[in-house]
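Understanding the architecture of this molecule
Letter by letter, the chains look like this.
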Amino acid sequence: FGSGDIPMPQDLYNSIKGAGRDMLHVPLCLGAIGIFHSIPAAEVGTDGLKLSPCILAKIFSGQVTTWDDAAIKADNPNLAVPANTRIQVGRRTLGSSSTGGLTGYLTAKCSADWTMVGTGAPMGSSGDITWPTSPAVTTFTAVYGSPGMQDHIAKNKYAIGYLDAGHGHMRSFQEAKLKNEDGLWLTSKTSMATVDANGNNGVAAAGKAAVDASIIPASAKADWSAVNLYSKAGPSTWPIVLISYLYLNNNWASMSPDKAGLLKVFVDYVVDSNMGQPMLKEFSFDPIPTAMNKWASIYVDITKPATVTAFTFEPATAAWTGQGDDVISAQRSDYNRWKLEEVSVALVSVTSRLVGLESSLNDYGIVPLHGSGTTNPKTMFAKTMKNMQHEARVPMLLTYRSVGSGTGMVEFVGDAASGFKSYNHFGSGDIPMDKAKYDVMAAKGETMVHLPFCMGPIGIFHHVPGALLTMDACLLAKIFGGLITTWDHADIKAQNPGLMVPAGQPIKVGHRTLGSSSTGGLAGYLAKTCPTSWTFGDCSLCPWPTTAGFTAVQGTPGMQAYIKDTAFSIGYLDAGQGHDFNLHEVSIPNKNGKFRTSFQSMALGGVAQAGAEAVTSGTFPTDASADWSAVNVYNMPGDPTWPIVLVSYLYVKKDQTATNPKTAAALKAFISRILNNHVGVVEEFGFTAPPTSVKTQTLAAAATIVYPTGMKSFIEEDDTNPIGGMATNVISSKRIAFDDYQRDVMAAQILTLQATVSGLTGNGGITTQLHGSGTTNPKT
C-alpha cells in the first residue's frame, strides 16, 4: 500500500489505468495545513498576523518580498516591522503533500496572483512545483521535510512557512490567521479547538461539508485527483484541510493468503472507530466522517486470492482462542513496548519535577548576563556588575570580556556557525557598529540600538626623555603612517625646535592588534583632518607598516607597558589610561587651533563640549536603530574642545522577546545603571558623562527595546522599603557584601597614607640634612 495527504495526481492515475490496473482511495484521516511565521510577537501586535489567500499567493510566488509591503499592511495596520524587512520564505523540496495543500488552496482561491514572477505563468497546484529563483526573491530557502521547515521558522527571524498544523503547534510557533469562507479570521489551532452544533471541530466540519456536497466520489476506483477540502463553509471551518489516504491495488489475487489477510486487518484497524481512529487526536489529526468511511463495501469488490487468512482481534482476554495463530491480541506485549511505557511514565514524572524545579528557580535560579567589547570601560562595567550581584536577592552571574570594540561587534552580530545569533547578550564599543556588520544584521531581520553611555578622549603619549612635544595632525599622520621614521626629522624639529635627541634616533611606534576603538579614534581623526598624509582611511584595524619601527601590542595594557618600557616610543591610549601611568602626552591642536594635552582639555570641560557640539550639529541620528557607522565627534569646534573624542556605546538588540526573561530583566537593569551613571561610575573611572541632551535621547532609545511578555523587571531600593524590599526582583543598596565594606575601608586607608606621604615630601616635611666633622673646639 501507499499513503499520501493528497489524492493520486491525474497523470499518475492515468498511468496506472493505462497499465491495466485499478487503484483504490481509502480515506484514513483529516488534517490541517497551517501557515507559521517568526515575526517578533511585539511587532505583530495583539490582533495577530492576517494573511488573505491573494497575499499568501504573492508572498509564496515572490511578488511581495517585504513584511512592510502595503498589501500586507492593509490587513495588518498595527504590524510594526522595521522598514524593508525581507520575508524569509521556506518551501519544501521534492514532492510534499503540505506543498500540495498550500498550492491547491492558492490555485482555488487566487489563481490570478498565484503566478510566476516575470513570466506570469501559473504556479500550479501539485506537491512538487517550480519555485522562484530570480535574484529579486533570493530569500526563498529550500528545506527538507517537516523538520527542515520547523528549523527554518525557528532559526530565521521574519520567516514564513507551511506545516501540518500539529507540527507547528508542537513547536509553539506563531500562526498566521486565514480568512475562511464565512469571512472569519482564525488560526488552525483556534479552528481545531472550536466545536460546531454538529459536534465537529473546524477540520471535521470541512470533511462533513465535503460529504454533504457529494464531493467524495462514490467509487473508490474513480479518479479522485480533483477532490479537496479547501475553503468549505462553516463559522469555524479551517480553509486548508487535507484528507490522508491509503492507496491500494484493487487486485490482490497474486498475494499470499497471509499477506492479503494482514493487509485487510491493517486497514480494518486504522479505519475502525474504536481502534485506530481514536489514536489520531494524539497526533493532531481528525477522524474521517462516518459517511466517508466506505472500507467495508470497498473490500467486498476487491479481487482477492482464493483464500484470505482471517486475522481477528483479541481486545480482552479470550481463553484458548486468544492463542490462535491468526489472532492479533492486545494482551501480547514485548520488552520494547513495556520499556517505552516505562519511559513514558518516567517522562511524566520528570516533567512534573521539572515544573516544580522551574517554579523554585523563579526565585533562586542563577540569572546570567554576558557582554563583550571595548577594553576602556571594563572596570566601570566590572564595578557595576559586582554591585548588582551583591545587591540582588537572586544569584546573578554577570560577566564582561574586555576584548576590543571589533571583537565585541563580531560576537554581537554572530556568524554562519551560530546562524548569526549573538554570542553575547550585549556588545560595547567606542565606535559605532561598522556599516558592513550593520548591513549583515539588517539582512537577517535584526534591529539594534546604539546607546551612548560615556565619552572619553584618546591621547597621544610618548617616551622621549625630557621632551615636551607638540604635533599637528599631519605630522602625526606621517609618523603613524611610517613616512617619518626618526625623531630628528626636520618636520618634527620645525614644531619642536628645542627637542634634543640623538642623531637618527628611530621612532618606535606602538599600534593595537585586532580591531580597536582607540585605533579607530586616531585613524578617524587623521582621516578627517589630514587625508593627504594619512592614506589608511577611517579604520579600526589598519594596514600598519611592517617595518622594524612598528610594534603590535595587545589591548590597553599592552600599549601602556610598551610606551612605559620603550624609550623613544610613541602610541595612543584612552587618555585616562595614559594619565594613570603618568605617561608624557603630546600637545595637539583642536579645530580652533588651540594646542593642548587631553589632560588640560579635560580640566576645561573639553570632552563634554565636544558632545554638546555634536548634538547641536545633528551628528547623532535621532533614530537609535539607524546606521550610525558614519557618526564621530572628531575635531568639533570650541576653544576648550578636545579633537579626538570617542563615544562609548552599548550595542543592544531591539527585540529581546526571545531572550530568557531573567536575563532580559538583568540586561534592562544593567542598561539603566550604566545610562543613569549609577553612583558616579563614569567619572570615577576617568570618563565624561554625556551632556543632558545626549542622555535624554539615549534613555528614549532604551525605552524602545522590546522585552519578553510577562518579564518581571528588577527594581531599585535606595530608601528602605519594609517588606517590599525583600521581593525577589529588588536590587537593594541596603545589601552590603563584606568585600565591598573591606574595599571601602582599604580605600580610605590608602587615601590617608597618600596624604601622609604628600605631607612628608612637601614643604616642612622631611628635615633637610647637613653633616660635618673635625675639631672638637667649636663643637658647642
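The rules behind the values
- Residues numbered from 1 in each chain as written.
- Predicted model: local features only at pLDDT ≥ 70, side-chain atom pairs only at ≥ 80, totals over all residues.
- Heavy atoms only, no water.
- Helix = DSSP H or I, 4+ residues; strand = E, 2+ residues; numbered from the N terminus.
- Rg over C-alpha atoms; globule rule 2.2 N^0.38 Å.
- Buried < 20%, exposed > 50% of the residue type's maximum accessible area, 1.4 Å probe, protein only.
- Areas by Shrake-Rupley, 256 points an atom, 1.4 Å probe, with all protein chains shown as cover.
- Lys, Arg positive; Asp, Glu negative; His and termini not counted.
- Charge placed at Lys NZ, Arg CZ, Asp CG, Glu CD.
- Patch = residues over 30% accessible without salt bridge, like charges linked within 9 Å, V, L, I, M, F, W, Y side chains within 5 Å.
- Salt bridge = Lys/Arg side-chain N within 4 Å of Asp/Glu carboxyl O.
- Core = buried A, V, L, I, M, F, W, Y, C linked by side-chain atoms within 4.5 Å.
- Expected span 1.5 Å × (residues − 1).
- Contact = heavy atoms within 4.5 Å.
- Polar contact = N/O pair within 3.5 Å; in protein donor to acceptor, adjacent residues only side chain to side chain.
- Disulfide = S-S within 2.5 Å.
- Phe/Tyr/Trp six-rings, centres within 6.5 Å; stacked < 30°, edge-to-face > 60°.
- Axes fitted to C-alpha atoms, helices over the stretch in contact; angles between N-to-C directions.
- Parallel < 35°, antiparallel > 145°, perpendicular 65-115°, else oblique.

What to know about the overall build of the chain
For the chain, the count of helices and strands is 26 helices and 24 strands. Taking 2.2 N^0.38 as the reference for a compact globule, 780 residues should give roughly 28 Å; the C-alpha atoms of the chain span a radius of gyration of 38 Å, well beyond that estimate. Expressed along its principal axes, the backbone C-alpha trace of the chain runs to roughly 150 × 60 × 45 Å. Residues classed as buried in the chain amount to 47% of the 780 residues present. Accessible surface computed for the chain: about 36700 Å², of which carbon and sulfur atoms make up 56%. Separation between the mean location of the 56 positive side-chain charges and that of the 61 negative ones in the chain comes to 3 Å.

Considerations on a nonpolar patch on the surface
A surface patch of nonpolar side chains, about 280 Å² in accessible area, is lined by Tyr269, Met279 and Phe283. With respect to the helices and strands, the residue Phe283 is situated in the loop between α10 (257-271) and α11 (295-301). With a relative accessible area of 47%, Phe283 lands in the partly exposed category.

Topic: the nonpolar core
Formed by 105 residues in total, the largest nonpolar core has its most connected members in Phe426, Leu451, Phe480, Trp487, Leu650 and Ile671. Residues Leu49, Ile153, Tyr158 and Phe173 belong to the second largest nonpolar core, which totals 64 residues.

Things to note about helix α5 (residues 97-110)
The terminal C-alpha atoms of α5 lie 19 Å apart, and with 14 residues this matches the ideal 20 Å at 1.5 Å per residue to within 8%. Along α5, the positions that sit buried rather than exposed are Ser98, Thr99, Gly100, Gly101, Leu102, Thr103, Gly104, Tyr105, Leu106 and Cys110. Considering only its buried residues, α5 is in contact with β2 (23-37), α3 (53-60), β3 (88-92), β5 (159-164), β7 (178-179) and β9 (241-249).

A few points about the side chain of Arg92
Note that Arg92 resides in strand β3. No salt bridge is formed by the buried Arg92. Its closest oppositely charged neighbour is Asp5, at 8.0 Å. Separated by 3.2 Å, the side chains of Arg92 and Ser98 make a polar contact. In this view, Arg92 contacts Ser98, Thr99, Trp131, Val143, Gly145, Ser146, Met149 and Tyr162; residues no more than four positions away in its chain are not counted.

So, the environment of Ile216
Tracing the sequence through the fold places Ile216 in the loop between α9 (202-212) and β9. What makes Ile216 buried here is its relative accessible area of 17%. Measuring from C-alpha to C-alpha, the distance between Ile216 and Arg91 comes to 29 Å, with 125 residues separating the pair along the chain. With near-sequence residues (within four places) excluded, Ile216 lies in contact with Ala210, Val211, Trp224, Val227, Ile243 and Met292.

A word on the state of the cysteines
Structurally, a disulfide amounts to a covalent bond that connects the sulfur atoms of two cysteines. Throughout the structure, instances matching the rule amount to 3 disulfides. Between the sulfur atoms of Cys54 and its disulfide partner Cys110 the distance amounts to 1.9 Å. An S-S torsion of about 105° defines the bridge between Cys54 and Cys110 as right-handed. Here Cys54, found in helix α3, pairs with Cys110, found in helix α5; they are 56 residues apart in sequence, far enough to count as distant. For Cys54, a relative accessible area of 28% translates into the label partly exposed. If you count the bonded cysteines of the chain from the N-terminus, they pair up as 1-2, 3-4, 5-6.

Remarks on the packing of aromatic side chains
Within this structure, the stated rule accounts for 25 aromatic pairs. For the pair Tyr335 and Trp338, a centre-to-centre distance of 5.6 Å together with 40° between the ring planes defines the contact as tilted. With Tyr335 and Trp338 both in helix α12 (residues 335-364), this residue pair falls 3 residues apart, about one helical turn. Given the relative accessible area of 52%, Tyr335 is considered exposed. The class of Trp338 is partly exposed, set by a relative accessible area of 40%. A centroid spacing of 6.0 Å and a plane angle of 40° characterise the contact between Phe620 and Trp628, whose relative ring orientation is tilted. In this pair, the class of Phe620 matches that of Trp628, namely buried.

Structural notes on the packing of helix α14 (residues 405-413) against helix α15 (residues 435-443)
Helix packing for two helices is described by the angle between their axes and how far apart those axes are. One way to put it is that α14 packs onto α15 with a least axis distance of 10 Å and a crossing angle of 10°. Classified by the angle between their axes, α14 and α15 sit roughly parallel to one another. In this structure, α14 contributes Met409, Val410, Phe412 and Val413 to the contact, and α15 contributes Lys437, Val440 and Met441.

Overview of the pattern of salt bridges
Opposite charge on two side chains permits them to pair, given that their charged atoms come into close proximity. Inspection of the entire model under this criterion finds 15 salt bridges. A salt bridge links Asp22 to Lys17, with the nearest nitrogen and oxygen atoms 2.7 Å apart. The class for Lys17 is partly exposed, based on a relative accessible area of 39%. In this structure, Asp439 and Lys435 form a salt bridge, with 3.5 Å as the shortest nitrogen-oxygen distance. Of the two residues, Asp439 and Lys435 are both situated in helix α15; the distance of 4 residues between them amounts to about one turn of the helix.

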